[in-house]
Amino acid sequence: MTVHFDCTQCGKCCHNLRLTLSVDEAIVWAGRGHTVQLLAEALPWVSEPDPADPQALHQRDRSFPAISGSVPFRIAVTLVAYHNGPCPHLLPDMRCGNYAGRPRICRIYPLESRPFTAMSPENRLCPPEAWASELPVLERDGAIADPEAARIVADHRQAVLAGVPVLAKACEALGLSSAAFANEGLAVHMPEPLVLSETLRGARDGGEEPAEARPWTLVTNRRPTLTMLTDAGCDAALIRQGPGYLGSFPDEP
Ligand code: SF4
Ligand code: SF4
């Protein structure tokens, strides 16, 4: 299948979004006083993955070890620039006021930044006319047509994985220790931007990774999940949808 695309400059992708950042990008973004969130999820981890299973290996690579109660988990933390409304760099005429310094994710949209996930026009904000068949080819059979765009996607993925040990140290330094049960949602942590920037910088440039799996609390907004986790020996707590939790399911009373 061939996907055609050209940007219409509509500016929708610069509003109300969470933009995945590398550690270096987050240091700069938060260092300017802009909001950067840490989205945390806990992956059950009973055994090491099959070396022939690339998706399971990726789950390991994007996470660091933790323990909840007596149960081993891995914690995956994603740094995102968050703006409710327009991006702080968006100009009134919908041009980017940070064009030369914009994060990689802005350079590749609407391409998919996550591995093992197909890009889908239906899940993108771009208007229908941006996908017209006479426009340049964006993807052909799932492969990115432009080598430069493919390189930026690869660099983004590599930078995100390279940041995992830094995030383990930063979470420890910031005292962050709650994560959503995987596939149900994301726990949202939002440190003060300048504190986060300095903490990430310190973690990137020095400091020791936690020597052993650190204790984390699992949060869920579903009572059956809470019961299942506590019965299994996890340290778990109920949470509600809101600034601290992005759930895939509605709150249960
Ligand atoms: S940095 Fe620029 S391209 Fe990225 S969201 Fe902000 S305004 Fe848009
Ligand atoms: S939403 Fe799509 S078409 Fe609109 S500015 Fe962003 S990339 Fe371009």
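Right above here is the structure, for reference.
Report follows, based on the coordinates. Everything numeric in this text was worked out from a predicted model, so none of it was measured. (Residues numbered from 1 in each chain as written. Chains lettered and ligands numbered in written order. Predicted model: local features only at pLDDT ≥ 70, side-chain atom pairs only at ≥ 80, totals over all residues. Heavy atoms only, no water.)

### Side note on the site of ligand 2
Phase 1: Taken together, Phe 5, Cys 7, Thr 8, Gln 9, Cys 10, Gly 11, Cys 13, Tyr 109, Cys 126 and Pro 127 are the residues near ligand 2.
Phase 2: Of the residues assigned to the shell around ligand 2, the class counts are 7 nonpolar, 3 polar and no charged. (Near = heavy atom within 4 Å. Nonpolar A, V, L, I, M, F, W, Y, C, P; charged D, E, K, R; others polar.)

### Things to note about helix H5 (residues 164–174)
Phase 1: Where H5 is concerned, the buried positions are Val 164, Val 166, Leu 167, Ala 168, Lys 169, Ala 170 and Cys 171.
Phase 2: Looking one or two residues beyond H5, the residue adopting positive phi is Gly 175, at roughly 75 degrees. (Buried < 20%, exposed > 50% of the residue type's maximum accessible area, 1.4 Å probe, protein only. Helix = DSSP H or I, 4+ residues; strand = E, 2+ residues; numbered from the N terminus.)

### Digging into the sheet that holds strand S7 (residues 143–144)
Phase 1: Pairing in this open sheet of 3 strands is antiparallel, and the strands run S1-S6-S7 from one edge to the other. Each having just a single partner strand, strand S1 (2–4) and S7 make up the two edges of the open sheet.
Phase 2: Across 2 bridges, strand S6 (residues 137–140) lies against S7 in antiparallel orientation. Note on S7: the bridge partner recorded for Arg 140 is Ala 143. (Pairing = 2+ DSSP bridges.)

### Digging into the packing of aromatic side chains
Phase 1: Taken as a whole and judged by the stated rule, the model has 2 aromatic pairs.
Phase 2: For the ring pair Phe 5 and Trp 131, a centre distance of 4.9 Å and an interplane angle of 50 degrees mean the geometry is tilted. Residue Phe 5 is located in the loop between S1 and strand S2 (18–21), and its partner Trp 131 is located in the loop between helix H3 (104–108) and S6; the two are separated by 126 residues in the primary sequence. As far as burial versus exposure is concerned, Phe 5 and Trp 131 are alike and both buried.
Phase 3: In this structure, Arg 102 packs its charged tip against the face of Tyr 99, placed 3.8 Å from the ring centre. (Phe/Tyr/Trp six-rings, centres within 6.5 Å; stacked < 30°, edge-to-face > 60°. Lys NZ or Arg CZ within 6 Å of the ring centre and 35° of its normal.)

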